[in-house]
Structures are given as structure tokens and as C-alpha cells.
Amino acid sequence: MIRENSDVILSVQDLVAEVEGTEILKGVTLKVRAGEIHTVMGLNGSGKSTFSKVLAGHPDYTVTGGTITYRGQDLLELEPEDRARAGIFLAFQYPLEIPGVSNLDFLRVAYNARQAHHGHEELDAFDFDELVRDKLDVVKMDASFLGRSVNEGFSGGEKKRNEILQMALLEPTLAILDETDSGLDIDALKIVAEGVNQLATPDNAMLVITHYQRLLNYVVPDYVHVMAGGRIVRTGGKELALELEERGYEWLSDVAEATAR
């Protein structure tokens, strides 16, 4: 379904990328418009997480072919920090711990960097404290988490909820969620999904990367893309995710081989 707001946020054409000399992405093509939620599914090694890291500008990944355009701008010209300031957000599959840096300070610095980039007034500690406490409700987090070091000693579910809290504050134009459901029990999954749904608007877009259909019971995508062998080999609606849940991925091996020829 193409929504009324059809502004293209992300356009990827024939993207080829490698890491340490090994080609992982072998011609990915994808277009994401404002107001859309896209899901990318596939087995381990299919290229899903590589795709997310390339979009975010991870320095270990080298683009050797194709183009990425973000809101009409060549994304490959931007450094990772400039991509973040421009509104691209990556929620990690395995969020890092940052000992000695309080969650509150980390969030305030990130928020004010976005504010400065857009020419908006930065918030002092008092005003930011008010703002972030309002956002805690999105992910049902206790205020005590703000005083702890970033992700240090957090459970898997708490780390993922902390990522969604960051997203709630930064209000990205394109949110990339790399296996946000990984390692979550059903209660944590529902909280994270509710947060994602609250943050989806007609003016932003989301790219949700996952193995399993279960997340899509709570975050309903407009499009489901299946990646295999470094390419998107099939696109459909939510029914495609249900088919994968029932049949697995093996039946797509022939499709991937045919696409590679």
C-alpha cells in the first residue's frame, strides 16, 4: 500500500557492498516512502544486518557499487554522524554498554546534537530532564534507568527498550531496527512493539529487520522483503511473512539462485 504522502525517504539501487574483501550485498534495490513500514526478513548470512550497517555508515563496510539516496541526497557522501544528525537512526541487534556514561547524559548530548544540526535551541539539563521523563512512558521504563551507565547491567529487554527511548527522543525520519525482537520475551516484545507503533507517523518511515514473523503480529508492515544471497528476492505484504513462518526459507533458495544469474 502506498500512503497518501508518497515522498521518497530512501532509495537504494543495485547496492553492492563488502566487508574485509568479502562481498555481502550483491545488488539490493529498495524504495521507502514516508509513512511506510518495511520489513526485511531472511536467514543468518543473507545480508540483512550488513544492509542496516551500510545505511548507517559503519566504517568496516565498503560500498563498491550502486547508489543510496536519502531524501534526495547522496547518502554515501555523508559520514555516520552526519547521517544520524540528518535523521537516520539505527537500533542495534546487540546494543553496546558504555560504562561511566550515564544514560541521561548520553541521551541529552545526542538530543542536543540533533537540535543544533537543525538550528533549534538546545535544552539545558533541567528542561531535558522533563522531556525525557515524558518519553519514558513510551517504553514503560522507570526513571531510575536514567542514572545508570548506558546499557550497563541492563537485561536484553531493557537494552532494546532503551533503544526505542532513544528513538522517541531523536524522532528520526528513517528508523532502522536491526532484529530489535532478538532475545525478547513476549512481554518485552509487546512493549517494544507498542513503542514502535507510537513513533510511526505519516512523515517518517521504518525499516524493520527480523528473522521471525512474531514481531509482525504487533508491528504490521506495509511491505515484507525477503533477502537471500545478498539480494532482495521476494516482496509482498504481511502474508509473505506468514508464508515464511509456515514454510521456512528453503523454498526460496531456487529464487535466490535464479536472481544471481
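Draft legend 1. How the structure looks around the packing of aromatic side chains. Counted according to the given criterion, the structure contains two aromatic pairs. Between Tyr111 and Phe128, the aromatic rings sit 5.6 Å apart at their centres with planes inclined by 50°, giving tilted as the arrangement. Taken together, the residues span a long stretch of sequence, with Tyr111 in helix H3 (residues 103-117) and Phe128 in helix H4 (residues 125-139) at a distance of 17 residues. For the ring pair Phe145 and Phe154, a centre distance of 5.2 Å and an interplane angle of 80° mean the geometry is edge-to-face. Under the relative-accessibility criterion, Phe154 is labelled buried at 7%.

Draft legend 2. Seen up close, unusual backbone geometry. The phi dihedral of Glu20 falls on the positive side, at around 50°, and the residue is not glycine. Within the secondary structure layout, Glu20 lies in the loop between strand S1 (8-19) and strand S2 (22-33). When its relative accessible area of 79% is taken as the criterion, Glu20 is described as exposed. Notably, Glu179 is not glycine yet its phi reads approximately 50°, a positive angle. On the accessibility criterion, Glu179 (5% relative accessible area) is buried.

Draft legend 3. View of the sheet that holds S2. Pairing is antiparallel across the open sheet formed by four strands, whose spatial order is S2-S1-S4-S5. Each edge of the open sheet carries a strand with a single partner, namely S2 and strand S5 (73-74). Pairing between strand S4 (residues 61-70) and S5: two bridges, direction antiparallel. Pairing of Thr69 across the sheet is with Asp74, part of S5.

Draft legend 4. Representation of the packing of H3 against H4 within the structure. Their axes nearest at 11 Å, the elements H3 and H4 cross at an angle of 100°. Between H3 and H4, the crossing angle belongs to the class labelled roughly perpendicular. Judged by residue contacts, Leu104, Leu107, Arg108 and Tyr111 of H3 engage Ala125, Phe128, Asp129, Leu131 and Val132 from H4. A breakdown of the residues in the contact of H3 with H4 according to their chemical character gives seven nonpolar, no polar and two charged.

Draft legend 5. Structural view of the nonpolar core. By size, the foremost hydrophobic cluster in this structure holds 34 residues, and its most contacted members are Leu107, Phe128, Val132, Ile164, Met167, Val196 and Met206. When contributions to this core are tallied by element, the ones reaching two or more residues are strand S6 (88-91), H3, H4, helix H5 (156-170), strand S9 (174-178), helix H6 (186-199) and strand S10 (205-210). The residues contacting Leu107, other than those within four sequence positions of it, are Phe128, Val132, Leu146, Leu165, Gln166 and Leu169. Ranked by size, the runner-up nonpolar core spans 31 residues in total, among them Ala34, Val40, Ile176 and Ile209.

Draft legend 6. Broad picture of the packing of H4 against H5. Contact geometry of H4 with H5 gives a least axis separation of 9 Å together with a crossing angle of 125°. Between H4 and H5, the angle falls in the class oblique. Here the hand of the crossing between H4 and H5 comes out right-handed. Of the residues in H5, those touching H4 at Phe128, Leu131, Val132, Lys135, Leu136 and Val139 are Arg161, Ile164, Leu165, Ala168 and Leu169.

Draft legend 7. Region of the structure containing the confidence of the model for the chain. When pLDDT is averaged along the chain, the result is 89, and 94% of the positions lie at 70 or above. Long-range and interchain partners of residues 1-5, a stretch whose pLDDT sits below 50, account for 13 contacts in this model, where long-range means more than four residues apart.

Draft legend 8. The arrangement of the pattern of salt bridges in detail. Summed over all chains, the structure comprises eight salt bridges. Across the pair Asp82 and Arg85 runs a salt bridge, and its minimum N-O distance is 3.1 Å. On the criterion of helical spacing, the pair formed by Asp82 and Arg85 is a turn pair, its members being three residues apart in helix H2 (residues 80-85). On the accessibility criterion, Arg85 (31% relative accessible area) is partly exposed. Notably, a salt bridge pairs Lys159 with Glu97, separated by 3.4 Å at the nearest N-O pair. Placement of Lys159 in helix H5 and of Glu97 in the loop between S6 and strand S7 (98-102) is noted, with a sequence separation of 62 residues between them. Residue Glu97 is classed as partly exposed on the basis of its relative accessible area of 40%.

Quick notes on the rules
Residues numbered from 1 in each chain as written. Predicted model: local features only at pLDDT ≥ 70, side-chain atom pairs only at ≥ 80, totals over all residues. Heavy atoms only, no water. Phe/Tyr/Trp six-rings, centres within 6.5 Å; stacked < 30°, edge-to-face > 60°. Helix = DSSP H or I, 4+ residues; strand = E, 2+ residues; numbered from the N terminus. Buried < 20%, exposed > 50% of the residue type's maximum accessible area, 1.4 Å probe, protein only. Pairing = 2+ DSSP bridges. Axes fitted to C-alpha atoms, helices over the stretch in contact; angles between N-to-C directions. Parallel < 35°, antiparallel > 145°, perpendicular 65-115°, else oblique. Contact = heavy atoms within 4.5 Å. Nonpolar A, V, L, I, M, F, W, Y, C, P; charged D, E, K, R; others polar. Core = buried A, V, L, I, M, F, W, Y, C linked by side-chain atoms within 4.5 Å. Left-handed = near helix turned anticlockwise from the far one by under 90°. pLDDT = per-residue confidence, 0-100. Salt bridge = Lys/Arg side-chain N within 4 Å of Asp/Glu carboxyl O.

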